[in-house]
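Observations on the three-dimensional arrangement
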Amino acid sequence: MKSFEYIRVAAAVPAVKVADPDYNAKEIAEMARRAAVTDKAKVILFPELSVTGYTCADLFNQKTLISGAEEALVILLEQTKDLDAVIAVGMPVKADNQLFNCAVVFKNGKILGAVPKTYIPNYNEFYEKRWFASSISRISNRVMLCGQSVPFNENILFKDNLSNLCIGIDVCEDLWVNIPPSSYHTLQGANLILNMSASNETIAKNDYRKDIVKVQSAKCITAYAYSSAGQSESTTDVVFSGHAIIAENGAILKENRFSDEESIVICDIDLEKLMNDRVKFNTYMGKNNKLDYENIYFDLGYSENEKIERYIDSRPFVPSNREERDKRCKEILNIQSTGLYQRMKKIGSQKSVVGISGGLDSTLALIVTVEAFKKLHLPLKNIIAVTMPGFGTTSRTYNNAVTLMKELGVTLKEISIKDACIQHFKDIEHSMDIHDITYENSQARERTQILMDIANKEDGIVVGTGDLSELALGWCTYNGDHMSMYGVNSSIPKTLVRYLVKWYADEETEGDIKTALLDVCDTPVSPELLPPDKEGNIQQFTEKAVGSYDLNDFFLYNMMRNGYEPEKIYFLAKTAFKGEFSDEVILETLKIFYKRFFTQQFKRSCMPDGVKVGSVSLSPRGDWRMPSDASYQLWLKKLNYLK
């Protein structure tokens, strides 16, 4: 498998014996071997002072313990020298007539560096200053450790010659201060921070700990691995949980706490995603303090495994957690309705015109308009909802449209487009029997003309119904449903539209309107521009033409938000949709996606104003600027090599 710039990281919590370095070294070596050989981890992190145990207290003043720790490190180096992994352990290190709480990083029996802790806590249950000095007291740049002359510096970056991996170190309390050392490390290029910790447990502390890891990883656009002392530490005054966390740019990828006395959390971090985001968000670097950094190089390379060790969300626009999804739906509707409310308020409009088809997009647009009018304190009768039956309209969508308009209390207008289109076909000499693109687009443009003219007559504003997925694929009629006076759905992908409508049905409605909304959610996606079948059912299905919206939204998110190449998107899609779609269907849909995304840019170049809701938007005014005649051959070429 191609690596796709993933690095497998392990946050390990061993079962230690306090003040028994030999025992601890063997435990660490065994866990490191399991992580490196069985789980294929490339970077393995252990907790703060894991070689001795964190809770040794005044035993840290005993030479026997300090020299025993160094002797144990010799054993550890020997037992792990054949492992192709970078390993970081915590231990006390003597230097400059002082004792430092250090992260010692090594690979293949060679110590790469020792990083002393900077912020030494001395409050409440912590009294580390009794034994340890801060890195600011350091004099030397090197220290003798296990017979090796080792770089000794709080500002060390460990860089891989074979990949983009760059590792920086925080030691426990370093993360909890106002400007953690890792903030500077990441400005110098670190994209993985290792934090060896000994954070004990008190009520709600774990929530704060998770939050601070998430926030630091987000602020620094970095991966953050955190491993804290386990339950086997002394419980004289406090209890430890062995909290292990792996985060990436504001998201907790995996964590473990209060499980067994020893545990390992394994996850693949995505260096490509991190580095793409750093380039994209160009305020990231800012003013860079010119600290004296030392770079230590090693050979490691990316993880290359058949199976990716991280969750790949098949519906990235839709929160997988029910509670979070409900909260997000409410917030999105609030943002959409606020956008429309402010637009109407500022232009002095008292009325809105919405075309209602009985499909998902127009239903969501109607819901948003209703919520906007509530904010405006305007009567809902000022919403002019127009259903415009055509040659492809089915009784199912028509009845749902009428039910929604009546139950919501808006002004209902029904205007058939059939006669106007028949006359238009005569005018342009187009046969009614030829159901081609002219046949379809004429209907879409007739509907848009009706809405625009009603808006002029009523001094109102046409609310657009088209969604983000349709804009990405160009699945809209140019100067037809492509056009409006304000697009409330323009940054809502199709997969999310369905959840929004369903959430509104479940949480905000009851009776006939709820029944109609839920049926809208179950109705196949169709523009209904071709005649129905003999039984009166929809026979034109959008997803037969462009592919599943589940797939297309997945492609769109990973191309736009993460900047991935086609091969990586294909690989991730195969993982995310395993059992749902065959590899062949995924690949062919991805090819169609790229072709349509490139060739339909001209529609996005002149799209109407619309509210931005999420991190992915295609507005040419701020989020996506692209030549309308750009070639897609380079992207397709990469896919043509795949099988």
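Source: prediction; values computed, not measured.

**Some remarks on the pattern of salt bridges**
Charged atoms that come close allow side chains of opposite charge to pair. Tallied over the entire structure, the rule returns 37 salt bridges. Between Glu 324 and Arg 328 there is a salt bridge, with its nearest N and O atoms 3.5 Å apart. In this pair, Glu 324 and Arg 328 both sit in helix 6 (residues 322-347), four residues apart, roughly one turn of the helix. The exposure class assigned to Glu 324 is partly exposed, which follows from its relative accessible area of 31%. Between Glu 458 and Lys 351 there is a salt bridge, with the nearest N and O atoms lying 2.8 Å from each other. Taken together, the residues Glu 458 in helix 10 (residues 437-458) and Lys 351 in the loop between helix 6 and strand 16 (352-355) connect sequence positions 107 residues apart. For Lys 351, a relative accessible area of 25% gives the class partly exposed. Overlapping salt bridges bring together Asp 361, Asp 467, Glu 470 and Lys 494 as one network.

**Here's the deal with the environment of Asp 268**
Looking at where Asp 268 falls in the secondary structure, it is placed in strand 14 (residues 263-270). Here the alpha-carbon distance between Asp 268 and Ala 10, two residues 258 residues apart in the chain, equals 8.8 Å. Beyond its immediate stretch of four places on either side in the chain, Asp 268 contacts Tyr 6, Ile 7, Arg 8, Leu 253, Lys 307, Ile 308, Glu 309 and Arg 310.

**Quick notes on unusual backbone geometry**
Although it is not a glycine, Asn 124 adopts a positive phi angle of roughly 45 degrees. Within the fold, Asn 124 resides in the loop between strand 5 (110-116) and strand 6 (142-145). A positive phi is found at Ile 221, a non-glycine position, where the angle reads about 45 degrees. Looking at where Ile 221 falls in the secondary structure, it is placed in the loop between helix 4 (205-219) and strand 11 (223-228).

**Regarding the sheet that holds strand 2 (residues 43-45)**
The strand order 5-4-3-2-1-14 describes an open sheet built from six strands, whose pairing is mixed. The open sheet terminates on both sides in strands that have one partner only, identified here as strand 5 and strand 14. Along the sheet, successive strands turn relative to each other by an average axial angle of 30 degrees, direction set aside. Both strand 1 (residues 6-13) and strand 14 contribute to a ladder of eight bridges, which runs antiparallel. Pairing of Tyr 6 across the sheet is with Asp 270, part of strand 14. Sitting on the sheet, helix 2 (residues 63-80) touches strand 3 (86-95), strand 4 (98-107) and strand 5, and the angle it makes with strand 3 is about 155 degrees.

**Side note on the layout of surface pockets**
When its volume is computed, the largest pocket comes out at roughly 1,500 Å³. Along the walls of the largest pocket sit 44 residues, with Ala 251, Asp 313, Pro 316, Arg 328 and Tyr 557 positioned nearest its centre. Secondary-structure elements contributing two or more residues to the lining of the largest pocket are helix 4, strand 13 (251-256), helix 6 and helix 15 (549-560). With five residues, the top contributor of residues to the lining of the largest pocket is helix 6. Grouping the constituent residues of the lining of the largest pocket by class yields 21 nonpolar, nine polar and 14 charged.

**A short note on the pairing of strand 11**
In terms of burial, strand 11 is largely enclosed, as six of its six residues are buried. Of the two faces of strand 11, the one carrying Ala 223, Ala 225 and Ser 227 and the one carrying Tyr 224, Tyr 226 and Ser 228 are both buried. In the sheet, strand 10 (residues 192-197) pairs with strand 11 via six bridges, with the strands oriented parallel. Within strand 11, the residue paired with Leu 192 across the bridge is Ala 223. In this fold, the crossover linking strand 10 to strand 11 by way of helix 4 has right-handed handedness.

**Section: the state of the cysteines**
A full pass over the atoms with the stated rule returns zero disulfides. Between Cys 421, a cysteine without a disulfide, and Cys 476, which holds the nearest cysteine sulfur, the sulfur-to-sulfur distance is 18 Å.

**Side note on the packing of aromatic side chains**
Summed over all chains, the structure comprises 24 aromatic pairs. Measuring from centroid to centroid gives 5.7 Å for Tyr 123 and Phe 126, while their planes differ by 65 degrees, and the two rings are edge-to-face. For Tyr 123, a relative accessible area of 38% gives the class partly exposed. Between Phe 425 and Tyr 439, the aromatic rings sit 5.6 Å apart at their centres with planes inclined by 15 degrees, giving stacked as the arrangement. Residue Phe 425 is found in helix 9 (residues 418-428), and its partner Tyr 439 is found in helix 10; the two are separated by 14 residues along the sequence. Comparing Phe 425 with Tyr 439 shows no difference in burial state: the two are buried. Taken together through their ring pairs, the aromatic side chains of Phe 554, Phe 555, Phe 577, Phe 581, Phe 593, Tyr 594, Phe 597, Phe 598, Trp 624, Tyr 632 and Trp 635 make up a single cluster. We note Lys 494 situated over the ring of Tyr 549; from NZ or CZ to the ring centre the distance is 5.1 Å. Directly above the aromatic system of Phe 597 lies the positively charged group of Arg 604, at a separation of 4.1 Å from the ring centroid.

**Points about the side chain of Asp 361**
Positionally, Asp 361 belongs in helix 7 (residues 360-376). Those residues in contact with Asp 361, other than ones at most four positions away along the chain, are Thr 465, Asp 467, Glu 470, Asn 489, Lys 494 and Val 497.

**Things to note about helix 6**
End to end, helix 6 covers 38 Å across 26 residues, agreeing with the expected 38 Å (1.5 Å per residue, within 8%). What helix 6 keeps buried is the set Arg 325, Cys 329, Ile 332, Leu 333, Gln 336, Ser 337, Gly 339, Leu 340, Tyr 341 and Met 344. Taking the backbone nitrogen of Glu 323 as reference, a side-chain oxygen 3.0 Å away marks Asn 321 as the first, capping residue of helix 6. Directly after helix 6, the chain includes Gly 348, whose backbone phi takes a positive value near 75 degrees.

**What about the sheet that holds strand 15 (residues 294-298)?**
Ordered in space as 13-12-11-10-9-8-15, the seven strands form an open sheet in which the pairing is mixed. Lying at the two open borders of the sheet, with one neighbouring strand each, are strand 13 and strand 15. For this sheet the average axis-to-axis angle between neighbouring strands, irrespective of direction, equals 20 degrees.

**Remarks on the pairing of strand 13**
Here strand 12 (residues 244-248) pairs with strand 13 via five bridges, running antiparallel. Within strand 13, the residue paired with Ile 245 across the bridge is Glu 255.

**With respect to the nonpolar core**
Soluble globular proteins: nonpolar side chains tend toward being buried together. Counting 87 residues, the largest nonpolar core has Leu 366, Phe 555, Leu 556, Phe 593 and Phe 597 as its most contacted members. Looking at which element gives the most residues to this core, the answer is helix 7, with 10 residues. Apart from residues no more than four positions distant in its own chain, Phe 597 is found in contact with Ala 472, Leu 556, Met 559, Met 560, Arg 604, Leu 618, Trp 624 and Met 626. Counting residues in hydrophobic clusters, the runner-up holds 38 residues, among them Ala 10, Ala 85, Ile 87 and Val 104.

**A few points about empty space enclosed by the protein**
In this approach, a probe sized like a water molecule rolls over the atoms, and the result shows the empty space that is left. Per the counting criterion, the structure on display carries three cavities of 30 Å³ or more. Here the largest cavity defines a volume of roughly 140 Å³. For the largest cavity, the lining is made up of 15 residues, of which Gly 466, Leu 471, Asp 481, His 482 and Pro 608 are closest to its centre.

Reading guide: rules and limits
- Starting afresh in each chain, residues are numbered from 1 along the sequence in its written order.
- Where totals are concerned, whole chains, interfaces and linings use all residues; where local detail is concerned, this predicted model gives features only for residues with pLDDT of at least 70, and gives and counts side-chain atom pairs only at 80 or more.
- To obtain the side-chain values, all non-hydrogen atoms of the structure were included, while hydrogens and water were left out.
- In what follows, salt bridge is the name for a side-chain nitrogen of Lys or Arg lying within 4 Å of a carboxyl oxygen of Asp or Glu.
- Helix and strand labels come from DSSP, where a helix needs a run of H or I of at least four residues and a strand needs a run of E of at least two; each type is numbered from the N terminus.
- To sort residues, take the accessible area from a 1.4 Å probe on protein chains only and compare it with the maximum for the residue type: under 20% means buried, over 50% means exposed, and anything in between is partly exposed.
- Any two residues whose heavy atoms approach within 4.5 Å at even a single point are treated as in contact.
- When DSSP finds two or more bridges between a pair of strands, those strands are recorded as paired.
- Interaxial angles span 0 to 180 degrees and are taken between N-to-C directions of axes, which are lines fitted to C-alpha atoms, for helices over the stretch in contact.
- Cavity: a set of points on a 1 Å grid over the protein atoms alone where a 1.4 Å probe fits but cannot get out. Pocket: an open set with protein on both sides within 12 Å along at least five of seven lines, its lining residues, like those of a cavity, having an atom within 4 Å of a point.
- Grid points are joined across faces, edges and corners, and a volume is the space filled by probe spheres set on the points.
- All amino acids are sorted into three groups, where Ala, Val, Leu, Ile, Met, Phe, Trp, Tyr, Cys and Pro are nonpolar, Asp, Glu, Lys and Arg are charged, and the leftover types, Gly among them, are polar.
- A clockwise course of the path from the first strand over the helix to the second, judged with the strands pointing away from the viewer, identifies a crossover as right-handed.
- Pairs of cysteine sulfur atoms within 2.5 Å are what we label disulfides.
- Aromatic rings from Phe, Tyr and Trp, with only the six-membered ring used for Trp, were paired whenever their centres fell within 6.5 Å, and each pair was classed as stacked if the ring planes differed by under 30 degrees, edge-to-face if by over 60, and tilted otherwise.
- The rule for a charge over a ring is simple: NZ of Lys or CZ of Arg within 6 Å of the ring centre, and within 35 degrees of the ring normal.
- To estimate the expected span of a helix, count its residues, drop one, and scale the result by 1.5 Å.
- Pairs of N or O atoms are called polar contacts if they sit within 3.5 Å, as long as, within protein, a hydrogen donor faces a hydrogen acceptor (for residues adjacent in sequence, only side-chain-to-side-chain pairs).
- Nonpolar core, defined: a set of buried Ala, Val, Leu, Ile, Met, Phe, Trp, Tyr and Cys residues in which side-chain atoms within 4.5 Å join the residues together.

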